[in-house]
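# Structural overview for review
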Amino acid sequence: GGMASAKEKHKDILNVSHRGASGYAPEHTLVSYEMGEKMHGDYIEIDLQMTKDGQLIAMHDEKVDRTTDGTGFVKDYTLAEIKQLDAGSWFNEKYPQYANPDYVGLEVPTLEEIFRKFGKNNQYYIETKSPDIYPGMEKELLRLIDKYRIDKETLLVQSFSPQSLEIMHKLDPSVKLIQLLSYKTNAAITDEEVAAIKEYAIGVGPNHTYLNKEYVQKVVNNGLEIHPYTVNDIERMKLLIDWGVTGMFTNFPNLLHEVKKGK
Ligand code: G3P
Ligand code: CA
């Protein structure tokens, strides 16, 4: 207890670069991940989708429409076709204040390219997106984690799908898992829900909007990590840290870094 330990606690808050430093650069590009590292993000957050030919790529949406100049579903594209798309220009149009000519023509990265560029000792926070439309994605993810000898001490795999996390857990119980949660009104979690999640996961990732101190403390006191998403406001970061969160996702890792330094 006491002030000193409360102060120490803030240094351990995981700073997760959400889709990279996606407030400043086009999400899920190598440039965005690199910027996240420079801004003191501890983890690179990666959303996974799978191509027609079974390649894992970094993209948030099931469709390429929002973040590239293409249209349609990722699952209907081969990797070669995905590679033709421009994953940067949309950002310059949407966020002129952060536009950069270097973003024009950026490629959609594969998970393999990310692992090769950032290396086995980097810290990855990987989400299986839409696992129901990509059977086998967990197995392919584990194959690449092992192929590139990614450090499993720090690796975190996240999903909204408990089924996807259960598959991961069965295939490789040594991979640490985070159950994502989404609340549409005041967040609450029962003892039964906590116990069920603890069977396979080391923590939860709820949306921050409807969180409260009671929720955060219940989760933490049960020995689970709690990493809310997506926190882009300094005052909100400070409040969540005071409530006891153990990390958070942010599009602006430099802001969380400043908050942590100031504590
Ligand atoms: O993975 C944490 C957070 O990113 C979940 O929401 O939709 O941004 O992937 P989403
Ligand atoms: Ca995500």
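Below is a summary of the structure that appears in this document. Predicted model, so just to flag it, every value in this text is computed and none were measured.

## Observations concerning the packing of helix H5 (residues 111-118) against helix H6 (residues 137-147)
Running from N to C, H5 and H6 point in directions that differ by 20°, and their axes come no closer than 11 Å. With respect to H6, the axis of H5 lies roughly parallel. Helix-helix and strand crossings are classified by hand; for H5 and H6 the assignment is right-handed. Between H5 and H6, the residues in contact are Leu111, Glu112 and Phe115 and Leu141, Leu144, Ile145 and Lys147, respectively. Residue classes in the contact of H5 with H6 are distributed as 5 nonpolar, no polar and 2 charged.

## Some details on the coordination of the calcium ion (ligand 2)
Taken together, the protein ligands of the calcium ion (ligand 2) are Glu45 (OE), Asp47 (OD) and Glu127 (OE), with distances of 2.2 to 2.4 Å. Angles of 61 to 161° at the metal separate the 6 donor atoms of the calcium ion (ligand 2), which places the site in the irregular class. Considered as a linear motif, the donors of the calcium ion (ligand 2) on their single chain read E-x1-D-x79-E. Assigned by exposure class, Glu45 and Asp47 land together as buried.

## Notes on the pairing of strand S6 (residues 176-181)
With respect to burial, S6 is a largely interior element, 5 of its 6 residues being buried. Sheet topology places strand S5 (residues 156-159) next to S6; 4 bridges connect them, and they run parallel. Bridge pairing links Leu156 to Lys176 in S6. The parallel pair S5 and S6, bridged by helix H7 (residues 162-171), forms a crossover whose chirality is right-handed. The β-α-β motif built from S6, the intervening helix H8 (residues 191-198) and the parallel element strand S7 (residues 203-206) has right-handed crossover chirality.

## Overview of the nonpolar core
By size, the foremost hydrophobic cluster in this structure holds 62 residues, and its most contacted members are Ile46 and Tyr124. Of the residues forming this core, the biggest block, 5 residues, is contributed by H6. Contact partners of Tyr124, with chain neighbours within four places excluded, come to Tyr43, Ile44, Ile46, Ile114, Phe115, Phe118, Gly119, Ile150, Thr154, Leu155 and Leu156. Counting residues in hydrophobic clusters, the runner-up holds 8 residues, among them Val16, Tyr43, Ile178 and Phe249.

## Points about the site of ligand 1
Surrounding ligand 1, one finds His18, Arg19, Glu45, Asp47, His60, Glu127, Lys129, Gln158, Phe160, Leu180, Tyr229 and Phe249. His60 is positioned with one of its side-chain polar atoms (N or O) 2.6 Å from an oxygen atom of ligand 1. Here an oxygen atom of ligand 1 and a side-chain polar atom of Lys129 are 2.7 Å apart. When the free accessible area of ligand 1 is taken as 280 Å², the share hidden by the protein chains comes to 90%.

## Quick notes on the pattern of salt bridges
Under the criterion given, the structure shown has 19 salt bridges. Arg19 is the partner of Asp47 in a salt bridge, and the nearest nitrogen-oxygen pair spans 3.9 Å. Of this pair, Asp47 sits in strand S2 (residues 43-50) while Arg19 sits in the loop between strand S1 (14-17) and helix H2 (30-38); the two residues are 28 residues apart in sequence, bridging distant segments of the chain. A relative accessible area of 1% means that Asp47 is categorised as buried. With a shortest N-O distance of 3.7 Å, Lys75 and Asp76 are connected by a salt bridge.

The rules behind each value
- Residues numbered from 1 in each chain as written.
- Chains lettered and ligands numbered in written order.
- Predicted model: local features only at pLDDT ≥ 70, side-chain atom pairs only at ≥ 80, totals over all residues.
- Heavy atoms only, no water.
- Axes fitted to C-alpha atoms, helices over the stretch in contact; angles between N-to-C directions.
- Helix = DSSP H or I, 4+ residues; strand = E, 2+ residues; numbered from the N terminus.
- Parallel < 35°, antiparallel > 145°, perpendicular 65-115°, else oblique.
- Left-handed = near helix turned anticlockwise from the far one by under 90°.
- Contact = heavy atoms within 4.5 Å.
- Nonpolar A, V, L, I, M, F, W, Y, C, P; charged D, E, K, R; others polar.
- Donors = N, O, S within 2.8 Å, 3.2 Å for Na, K, Ca; no water.
- Tetrahedral: all angles 85-135°; square planar, octahedral: opposite > 155°, others 65-115°.
- Buried < 20%, exposed > 50% of the residue type's maximum accessible area, 1.4 Å probe, protein only.
- Pairing = 2+ DSSP bridges.
- Right-handed = clockwise from strand over helix to strand, strands pointing away.
- Core = buried A, V, L, I, M, F, W, Y, C linked by side-chain atoms within 4.5 Å.
- Near = heavy atom within 4 Å.
- Polar contact = N/O pair within 3.5 Å; in protein donor to acceptor, adjacent residues only side chain to side chain.
- Areas by Shrake-Rupley, 256 points an atom, 1.4 Å probe, with all protein chains shown as cover.
- Salt bridge = Lys/Arg side-chain N within 4 Å of Asp/Glu carboxyl O.

Distances and angles like these do not, on their own, reveal function.
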